[in-house]
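Listed below are the residues making up each chain.
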Amino acid sequence: MNPQPDPPPLLSSPPPLPFHPEKILPEKNLPNHFRRNFLIIMFLTIGPLALPFVWLHPTMRLHTKLIITTITLLASYALYLLTRHLLRILTEQLNTLESLMGAITSNNF
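A brief report on the enclosed structure follows. Note that the coordinates shown come from a computational prediction; the quantities given were computed from them, not determined experimentally.

On to the overall build of the protein chain, then. A tally of regular secondary structure across the protein chain gives 4 helices and 0 strands. Taken from N to C terminus, the helices and strands of the protein chain fall in the order α-α-α-α. The burial tally for the protein chain puts 13% of its 109 residues in the buried class. For the protein chain, contacts bridging at least 24 residues in sequence account for 28% of all contacts bridging at least 6. Element-wise, carbon and sulfur atoms account for 69% of the exposed surface of the protein chain, whose accessible area totals about 9,700 Å².

With that out of the way, let us pick up the side chain of Thr 69. Along the chain, Thr 69 turns up in helix α4 (residues 62-107). Judged by relative accessible area, which is 13%, Thr 69 ranks as buried. Filtering out sequence-adjacent residues up to four positions away, Thr 69 remains in contact with Leu 51 and Trp 55.

Attention now goes to the packing of aromatic side chains. Applying the stated criterion across every chain, the model contains 2 aromatic pairs. An angle of 80° between the planes, with centres 6.5 Å apart, marks the rings of Phe 38 and Phe 53 as edge-to-face. Highlighted residues: Phe 38 in helix α2 (residues 36-46) and Phe 53 in helix α3 (residues 51-55), separated in sequence by 15 residues. Judged by its relative accessible area of 36%, Phe 38 is partly exposed. On the basis of relative accessibility, which here comes to 28%, the residue Phe 53 falls in the partly exposed class.

Moving on: the side chain of His 57. Within the secondary structure layout, His 57 lies in the loop between α3 and α4. Accessibility expressed as a relative area gives 6% for His 57, which makes it buried. Beyond its immediate chain neighbours, meaning those up to four positions away, His 57 contacts Leu 30, Phe 34, Leu 39 and Lys 65.

Rules used throughout
Residues numbered from 1 in each chain as written. Predicted model: local features only at pLDDT ≥ 70, side-chain atom pairs only at ≥ 80, totals over all residues. Heavy atoms only, no water. Helix = DSSP H or I, 4+ residues; strand = E, 2+ residues; numbered from the N terminus. Buried < 20%, exposed > 50% of the residue type's maximum accessible area, 1.4 Å probe, protein only. Contact = heavy atoms within 4.5 Å. Areas by Shrake-Rupley, 256 points an atom, 1.4 Å probe, with all protein chains shown as cover. Phe/Tyr/Trp six-rings, centres within 6.5 Å; stacked < 30°, edge-to-face > 60°.

Structure below.
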């Protein structure tokens, strides 16, 4: 008689992960100024002035740093163009208001 091999157990341990998440994002070991929440708050408050913290981040990958920098620069440029447009509209409105006030004061009701 030929003995048959034992069947594999139904519940085995999962295969090991191909990467270790704690090596990619070791949030617990980072100083506070490199944590994700702090970086988000910095970008929302001081904008492009937070870029040095991105570039000095010890575990962030280069392509992530480039993507964040590009998005920040594009958003800053868009806000600059929007501000310039709004200031032009505001100047036109103030000139119109000034001409109307001049016409009212010259009539001397």
